[in-house]
Amino acid sequence: MTAVLVYDGDCGFCTTCVRFIERRMRVRARITAWQAADLAALGVTEERARYELLWVSGSGVYGGAQAVAKLLLHAGLPWSPLGAILRLPPVRWLAHGVYRLVAGNRHRLPGGTAACALEDPLKR
């Protein structure tokens, strides 16, 4: 299975990040917005795809900071060492917190719009 990077195509910040990835990294994966993806075939829910970046491969589904780590690992040098570091505790735990902070505030970041705001899963 070819790896698939799934992002929020309605989010300006996410789309800007994906454009950077496409320009600067040799990614050996298909990159698609969750809105255009066959999520059921990928084995992920719409709720999860709305909430975090996803890396889907034969080895499983990785979300958030671990999806970023997988992306970096598969992008080759000079990116892969950073991906390896992001998978090690305690860096992994810190990366998770930073990812949640960025994801929760992506509507405030450059390229972000009101459409980028995540719904608080605790308020559902």
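Keep in mind the model is a prediction, meaning the values are calculated, not measured. (Residues numbered from 1 in each chain as written. Predicted model: local features only at pLDDT ≥ 70, side-chain atom pairs only at ≥ 80, totals over all residues. Heavy atoms only, no water.)

Enquirer: Give a description of the pairing of strand E1 (residues 3-7) that names residues and reports values.
Expert: With respect to burial, E1 is a largely interior element, five of its five residues being buried. Here E1 shows a buried face lined by Ala3, Leu5 and Tyr7 and a second buried face lined by Val4 and Val6. Across five bridges, the pairing between E1 and strand E2 (residues 29-33) is parallel. Residue pairing for E2: Val6 is matched across the bridge by Thr32. Crossover E1 to E2 through helix H1 (residues 12-24) is right-handed. In this structure, E1 lies alongside strand E3 (residues 54-57), joined through three bridges in antiparallel fashion. Along E3, the bridge assignment pairs Val6 with Leu54. (Buried < 20%, exposed > 50% of the residue type's maximum accessible area, 1.4 Å probe, protein only. Helix = DSSP H or I, 4+ residues; strand = E, 2+ residues; numbered from the N terminus. Pairing = 2+ DSSP bridges. Right-handed = clockwise from strand over helix to strand, strands pointing away.)

Enquirer: Outline the environment of Gly83, listing residues and values.
Expert: For Gly83, the location among the structural elements is in helix H5 (residues 80-86). For the pair Gly83 and Ala69, spaced 14 residues apart in sequence, the C-alpha to C-alpha distance is 4.2 Å. Residues within four places of Gly83 in sequence aside, it is in contact with Ala69, Leu72 and Leu73. (Contact = heavy atoms within 4.5 Å.)

Enquirer: Just give me the short version of the environment of Val6, but keep the residues and values in it.
Expert: Looking at where Val6 falls in the secondary structure, it is placed in strand E1. For Val6 and Val18, which are 12 residues apart along the polypeptide, the C-alpha to C-alpha distance reads 9.8 Å. Residues in contact with Val6, not counting those within four places in the same chain, are Thr32, Ala33, Trp34, Leu39, Leu42, Glu52, Leu53 and Leu54.

Enquirer: Hey, could you go over the nonpolar core for me, with residue numbers and the actual values?
Expert: One finds Leu5, Tyr7, Met25, Leu53, Trp55 and Leu71 to be the most contacted residues of the largest nonpolar core, which totals 24 residues. Secondary-structure elements contributing two or more residues to this core are E1, H1, E2, helix H4 (65-74) and helix H6 (91-104). Top element by residues in this core is H4. It accounts for five residues. Excluding residues that lie within four positions of it along the chain, Tyr7 makes contacts with Cys14, Thr15, Val18, Arg19, Ile31, Thr32, Ala33, Trp34, Gln35 and Leu53. With 10 residues, the next largest nonpolar core counts Ala37, Leu39, Leu42 and Val56 among its residues. (Core = buried A, V, L, I, M, F, W, Y, C linked by side-chain atoms within 4.5 Å.)

Enquirer: Describe the pattern of salt bridges, listing the residues and the values that go with them.
Expert: Pairing between side chains of opposite charge can happen when their charged atoms approach one another. Within this structure, the stated rule accounts for four salt bridges. One salt bridge connects Glu52 with Arg48, and the closest N-O pair in it is separated by 2.7 Å. (Salt bridge = Lys/Arg side-chain N within 4 Å of Asp/Glu carboxyl O.)

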